[in-house]
Amino acid sequence: GNSVTQMEGPVTLSEEAFLTINCTYTATGYPSLFWYVQYPGEGLQLLLKATKADDKGSNKGFEATYRKETTSFHLEKGSVQVSDSAVYFCALTAYAGNMLTFGGGTRLMVKP
Amino acid sequence: DVKVTQSSRYLVKRTGEKVFLECVQDMDHENMFWYRQDPGLGLRLIYFSYDVKMKEKGDIPEGYSVSREKKERFSLILESASTNQTSMYLCASRTTLTYEQYFGPGTRLTVT
């Protein structure tokens, strides 16, 4: 079956630091990959996605590249802000309309 | 603006009570989902519905049932609440054959 593994948190950074949150996956075929973000007290929002190998998803300064050779989709941001404090979930799906498989989530805390 | 609402943000129930969690979406989406979110486990799918009166079990359906009598409303039912059902419950919806799911803010249920 499909699975997603994320680094455990919390990740604590100072404002303007570089962020990496690791995500690796196991799946048959060619899944599509996603990062969702959950701000305090809210539901999940789609942050970015990549639907084929070597695609780079980007949004709000965050980026992730679909690496099929290493089965990874690591989330990066060059300079984090306090407002980026949230829980980040990596997810995959085999095809549009199929179910999402989520990782365990990584809490990011950014201090001023 | 897309909107998924859940009937309660916080709920406290006693063991053995019947519990109803309501979810309403205003986007005319065909598909709706119920997840539970637990620390370190990410989101796990309880039930989903492809359309009105249609439902399918997810990964952890035991102890839950659902109802979808109208397109915009999807209810999760705990027939006899137990302490191990204390969790955050998230509802989501999407159109068929798309990737993005839109999430509600969640209901934090405590069973004592």
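Details of the structure are given in the entry above.
Let me sum up the structure you'll find in this document. Counting starts from 1 at the beginning of each chain's written sequence and moves along it residue by residue. Note on labels: chains are lettered from A, ligands numbered from 1, in written order. The predicted origin of the model limits local features to residues at a pLDDT of at least 70 and limits the giving and counting of side-chain atom pairs to 80 or more, whereas totals for whole chains, interfaces and linings rest on all residues. Remark: hydrogens and water are excluded; side-chain values derive from all non-hydrogen atoms of the structure.

Considering the overall build of chain A
Thinking step 1. When you go through chain A residue by residue, the secondary structure sums to zero helices and 12 strands.
Thinking step 2. The helix and strand sequence of chain A, counted from the amino end, reads β-β-β-β-β-β-β-β-β-β-β-β.
Thinking step 3. As a reference, a globule follows 2.2 Å times the number of residues to the power 0.38, and the radius of gyration itself is taken over C-alpha atoms. Relative to the 2.2 N^0.38 estimate, which gives 13 Å for 112 residues, the radius of gyration of chain A is 13 Å and therefore close to what a compact globule would have.
Thinking step 4. Buried, partly exposed and exposed residues are distinguished by accessible area as a fraction of the type maximum, computed with a 1.4 Å probe on protein chains only: under 20%, between the cut-offs, and over 50%, respectively. When each of the 112 residues of chain A is scored for burial, the buried share is 46%.
Thinking step 5. Counting only contacts in chain A whose residues sit at least 6 apart along the sequence, the fraction spanning at least 24 positions is 55%.
Thinking step 6. Calculation of accessible area relied on Shrake-Rupley with a 1.4 Å probe; when residues are assessed, cover is drawn exclusively from the protein chains displayed. With the model as given, the accessible surface of chain A reaches about 5,200 Å², and the carbon-plus-sulfur share is 48%. Counting from the N terminus, the helices are DSSP H or I runs at least four residues long and the strands are E runs at least two residues long. Two residues form a contact once any of their heavy atoms are found within 4.5 Å.

Digging into unusual backbone geometry
Thinking step 1. Of note, the bond from G9(A) into P10(A) is cis; its omega dihedral lies within 30 degrees of zero at 0°.
Thinking step 2. Note that P10(A) resides in the loop between β1 (3-6) and β2 (11-14).
Thinking step 3. With phi around 75°, E16(A) is a residue other than glycine that occupies positive phi space.
Thinking step 4. Residue position: E16(A) is located in the loop between β2 and β3 (19-21).
Thinking step 5. For K53(B), which is not glycine, the phi dihedral falls at a positive 65°.
Thinking step 6. With respect to the helices, strands and loops of the structure, K53(B) is situated in the loop between β5 (42-49) and β6 (56-57).

A few points about the environment of G104(B)
Thinking step 1. Assignment of secondary structure puts G104(B) in the loop between β10 (102-103) and β11 (107-111).
Thinking step 2. C-alpha separation for the pair G104(B) and F20(B), spaced 84 residues apart in sequence, amounts to 16 Å.
Thinking step 3. Those residues within four positions of G104(B) in sequence are excluded, and the remaining contacts are G43(A), V4(B), Q6(B), L90(B) and C91(B).

Notes on the sheet that holds strand β3 (residues 19-25) of chain B
All names here are of chain B.
Thinking step 1. Strand pairing is assigned whenever DSSP identifies at least 2 bridges connecting the two strands. Strand order across the open sheet formed by four strands is β1-β3-β8-β7, with antiparallel pairing between neighbours. Since the sheet does not close on itself, it has two edges, and those belong to β1 (4-6) and β7 (65-70), each with one partner. Put simply, the sheet's adjacent strands are angled 20° from each other on average, direction ignored.
Thinking step 2. In this sheet, β3 lies alongside β1 in antiparallel orientation, the contact comprising three bridges. Residue pairing in the sheet places V4 in a bridge with Q25 of β3. Note on geometry: axes are lines fitted to C-alpha atoms, helical ones only across the stretch in contact, with angles between N-to-C directions running from 0 to 180 degrees.

Observations concerning the pattern of salt bridges
Thinking step 1. The term salt bridge refers to a pairing of a side-chain nitrogen on Lys or Arg with a carboxyl oxygen on Asp or Glu at a separation within 4 Å. Summed over the entire model, instances satisfying the criterion amount to nine salt bridges over all chains.
Thinking step 2. K56(A) serves as the salt-bridge partner of E63(A), at 3.6 Å between the closest nitrogen and oxygen.
Thinking step 3. Judged by its relative accessible area of 52%, K56(A) is exposed.
Thinking step 4. A salt bridge links D84(A) to K77(A); the shortest N-O distance between them is 2.7 Å. The same class applies to D84(A) as to K77(A), namely buried.
Thinking step 5. When salt bridges that share partners are traced, they join R36(B), D38(B) and R44(B) into one network.

Observations concerning the interface of chain B and chain A
Thinking step 1. If you look at the interface, chain B gives 21 residues, while chain A gives 22 residues.
Thinking step 2. Summing both partners gives a buried area of about 1,600 Å² for chain B against chain A, and 60% of it is carried by carbon and sulfur.
Thinking step 3. Among the residues of chain B in contact with chain A, L43(B), Y99(B) and F103(B) are the three that bury the most area, contributing 38% of the side total.
Thinking step 4. Inspection of the chain B/chain A interface yields zero salt bridges.
Thinking step 5. Pairs of N or O atoms are called polar contacts if they sit within 3.5 Å, as long as, within protein, a hydrogen donor faces a hydrogen acceptor (for residues adjacent in sequence, only side-chain-to-side-chain pairs). For the interface between chain B and chain A, the tally reads three residue pairs in polar contact (both at pLDDT 80 or more).
Thinking step 6. Broken down by secondary-structure element, the contributors of at least two residues to the side of chain B that touches chain A are β4 (31-38), β5 and β9 (87-94) of chain B.
Thinking step 7. Nonpolar residues are Ala, Val, Leu, Ile, Met, Phe, Trp, Tyr, Cys and Pro. Charged residues are Asp, Glu, Lys and Arg, and all others, Gly as well, are polar. Across the side of chain B that touches chain A, the residue classes tally to 12 nonpolar, six polar and three charged. Buried area adds together the accessible area that both of two parts lose upon being put together, with accessible area traced by a 1.4 Å probe.

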